[in-house]
Amino acid sequence: MPLAPMLSLLLVIGASSASGPIQGQKVRTAQDDYAAAGKLVERSIAGTLVSYDSGDQLRQAIANGKRNAKQESERYETKGPSPDYTIKLEKALLALPTGPGRPTRLDLDRVIAQEFEPAWRLILQGNRNPNMPPPQKELNLGLDFPINAGFKQLVKIAIRKARFELASGSGAAALRTFRETFQFTQRIKNESYVDRMVMVAMEAIIFAEIEKSLTALPSQGLSELIQAIYASISGPSKLQSSLVGERINHLALTDMTEKDIASAPTGSAIGDTDPDDEEEDEEDKKWSAMFQSLGSSTPAERRIFFQNARTRLVESYGAFGRMLSKPEFGWNFKPDTTPTAGHLDFYVSVQTGLFPDIARVEADARTRCRIAAITLAAREFAWQHGRYPTELSEFLTKAEAHDPLNNKPFEYSIEQGNIVVKTAVHPILGQITLRKLPADPGAKNPRRP
């Protein structure tokens, strides 16, 4: 192992074996472990190589980087911008095998897996860390979103690690990597819509790779991965956790808006737009009209407006949360097209208008988890019986075979030797399969929301 990863590994081992926090010291949470892993890969060869599948791609990227730097230098008659990324690519290439046809994708995967090891140990440490971040209690503008911490990058690198393990004949190790990576996605901070969307995006990366490598997956470890996926959807929708933070944010922003208008009733920048601006859309005009109206209102009238706004927001979030506690076929995925009757209706509709969109993404994600678990269960059946099951009832209970989105059983078949599990066609979400399908731009209703 190269010296730098070895030193990082020793630091990680030292941190994991240290005694608990002393009095007054901040408790290290799982989120801290994951964030530390994200910082490690920012500086590692693994983070540099993960975007490339061959030596040719890597060399082409280096050539493009040098050419772009040269063009910038000539254009401005000064020294071009420092090609830091190109330098990183060149250093990464030096760590790879040379020779005809080298480095191959397997060569890249091997180096990625080796260099990822210190960060991977931090992820494992986080998965076993019982300390989670305290719940949000005040306004959070999201500067520490999981996407900002590079968590999707960690999942992409972990997938390359699993590929290498499969190619090296270590199928059980690959399944452990899939399972630990999935557990990592389930334990990240989940206090906003963005948090939840990042979690869903990371799940999709894992499921797409599982579909590609399904026939190579061994029996050892399959049941544990299946159980982990089922556990992720066994309780309430994870979107309900996100609602807590979103509700706090919207109420806090409402308080701030009320204070801003009270301090400068006629000087609000948001209400200072040009009514003759042709590029101003209808919503901007409604915002302008609302702020102008509030600015000219009496303090008592503004207090009543914002008090009613807070009450309506709490009621709307409560109703949305109750809907999420039902099976997915009872969810509302259609946007509200009812015209807003006044400023208060408009204000509340803007704060809650994403509910149907978020519900579609959530239902899609939960359904895909069920499909992933069923697909893996069919693979496990094949290991036990030497053939794929012919129907769902051979390896699933009636409840496991039921699709809550369409309120009917999942569709199952073997096509060209491949396991295919999908939903019936939903009138709004289309047909959901293990891998997220691209939207059909020619279709009247795209298959993906």
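Note that the coordinates shown come from a computational prediction; the quantities given were computed from them, not determined experimentally.

**Q** Could you clarify how one ought to interpret the environment of Leu-89 in this entry?
**A** Along the chain, the position of Leu-89 falls in helix α5 (residues 84–94). Residue class for Leu-89 comes out buried when judged on its relative accessible area of 1%. For the pair formed by Leu-89 and Ile-62, sequence separation is 27 residues and the distance between their alpha carbons is 6.4 Å. Every residue in contact with Leu-89, bar those within four places of it in the chain, is listed here: Thr-48, Tyr-52, Leu-58, Ala-61 and Ile-62.

**Q** Would you explain unusual backbone geometry in this entry?
**A** Phi is mostly negative for residues that are not glycine, and the peptide bonds are mostly trans. A cis geometry characterises the amide bond from Arg-102 onward to Pro-103, with omega recorded as -5°. Counting through the fold element by element, Pro-103 comes out in the loop between α5 and α6 (105–127). Residues other than glycine seldom take positive phi values, yet Gln-416 does so here, at roughly 55°. Take Gln-416: it is sitting in the loop between β3 (411–415) and β4 (418–422). According to the relative accessible area criterion, Gln-416 is exposed, its value standing at 81%.

**Q** It is not clear to me how the packing of α6 against helix α8 (residues 171–187) should be interpreted in this structure. Could you clarify?
**A** A packed helix pair is summarised by two numbers, namely the angle formed by the two axes and the spacing between the axes. In the contact formed by α6 and α8, the axes pass within 10 Å of each other and the chain directions differ by 60°. In this view, α6 runs oblique relative to α8, as classed from their interaxial angle. The handedness of the crossing between α6 and α8 comes out as left-handed. The segment α6 lies against α8, with Trp-120, Ile-123, Leu-124, Gly-126 and Asn-127 engaging Thr-177, Glu-180, Thr-181, Gln-183, Phe-184 and Arg-187. Of the residues belonging to the contact of α6 with α8, the class tally is four nonpolar, five polar and two charged.

**Q** What am I meant to see in the pattern of salt bridges here?
**A** Opposite charge on two side chains permits pairing when their charged atoms draw close. Tallied over the entire structure, the rule returns 23 salt bridges. The salt bridge involving Asp-195 is made with Lys-189; its shortest N-O contact spans 3.1 Å. Assigned by exposure class, Asp-195 and Lys-189 land together as buried. A salt bridge links Asp-364 to Arg-368; the nearest nitrogen and oxygen atoms lie 2.4 Å apart. Of this pair, Asp-364 and Arg-368 are both found in helix α15 (residues 355–385), four residues apart, which corresponds to roughly one turn of the helix. Judged by relative accessible area, Asp-364 falls into the buried class, the value being 2%.

**Q** In this structure, what is going on with the side chain of Thr-254? I would like to understand it.
**A** Inspection of the secondary structure assignment puts Thr-254 in helix α11 (residues 239–263). When neighbours within four sequence positions are excluded, Thr-254 is seen to be in contact with Phe-306, Arg-310, Leu-313 and Tyr-347.

**Q** Quick question: what am I supposed to make of the confidence of the model for the protein here?
**A** Confidence in the prediction for the protein averages 86 pLDDT; 84% of positions are at 70 or higher. The secondary structure element of the protein with the lowest average pLDDT is helix α1 (residues 3–17), at 37, and the one with the highest is strand β1 (residues 402–403), at 98. Note that pLDDT drops below 50 for residues 269–273; the model gives that stretch seven contacts with residues more than four away or on any other chain. For residues 437–449, every residue scores under 50 in pLDDT, and the model assigns this stretch 20 contacts once sequence neighbours within four places are set aside.

**Q** Which parts of the structure should I look at to understand the pairing of β3?
**A** Walk down a regular strand and you will see the side chains alternate between the two sheet faces. In this structure, β3 lies alongside β4, joined through five bridges in antiparallel fashion. Across the sheet, Ile-414 pairs through a bridge with Ile-419, a residue of β4. Linking two consecutive strands that pair antiparallel, namely β3 and β4, is a turn of two residues; a positive phi of about 55° is found at Gln-416 within it.

**Q** Explanation requested: the packing of aromatic side chains in the structure shown.
**A** Two aromatic rings, taken as a pair, are described by how far apart their centres are and by the angle between their planes. Summed over all chains, the structure comprises 16 aromatic pairs. An angle of 45° between the planes, with centres 5.9 Å apart, marks the rings of Phe-116 and Trp-120 as tilted. Taken together, the residues span about one helical turn, with Phe-116 and Trp-120 both in helix α6 at a distance of four residues. There is no split in this pair, since Phe-116 and Trp-120 are both buried. Ring pairing ties together the aromatic residues Trp-287, Phe-291, Phe-305, Phe-306, Phe-346 and Tyr-347, which thus form one cluster.

Calculation notes
- Residues numbered from 1 in each chain as written.
- Predicted model: local features only at pLDDT ≥ 70, side-chain atom pairs only at ≥ 80, totals over all residues.
- Heavy atoms only, no water.
- Helix = DSSP H or I, 4+ residues; strand = E, 2+ residues; numbered from the N terminus.
- Buried < 20%, exposed > 50% of the residue type's maximum accessible area, 1.4 Å probe, protein only.
- Contact = heavy atoms within 4.5 Å.
- Axes fitted to C-alpha atoms, helices over the stretch in contact; angles between N-to-C directions.
- Parallel < 35°, antiparallel > 145°, perpendicular 65-115°, else oblique.
- Left-handed = near helix turned anticlockwise from the far one by under 90°.
- Nonpolar A, V, L, I, M, F, W, Y, C, P; charged D, E, K, R; others polar.
- Salt bridge = Lys/Arg side-chain N within 4 Å of Asp/Glu carboxyl O.
- pLDDT = per-residue confidence, 0-100.
- Pairing = 2+ DSSP bridges.
- Phe/Tyr/Trp six-rings, centres within 6.5 Å; stacked < 30°, edge-to-face > 60°.

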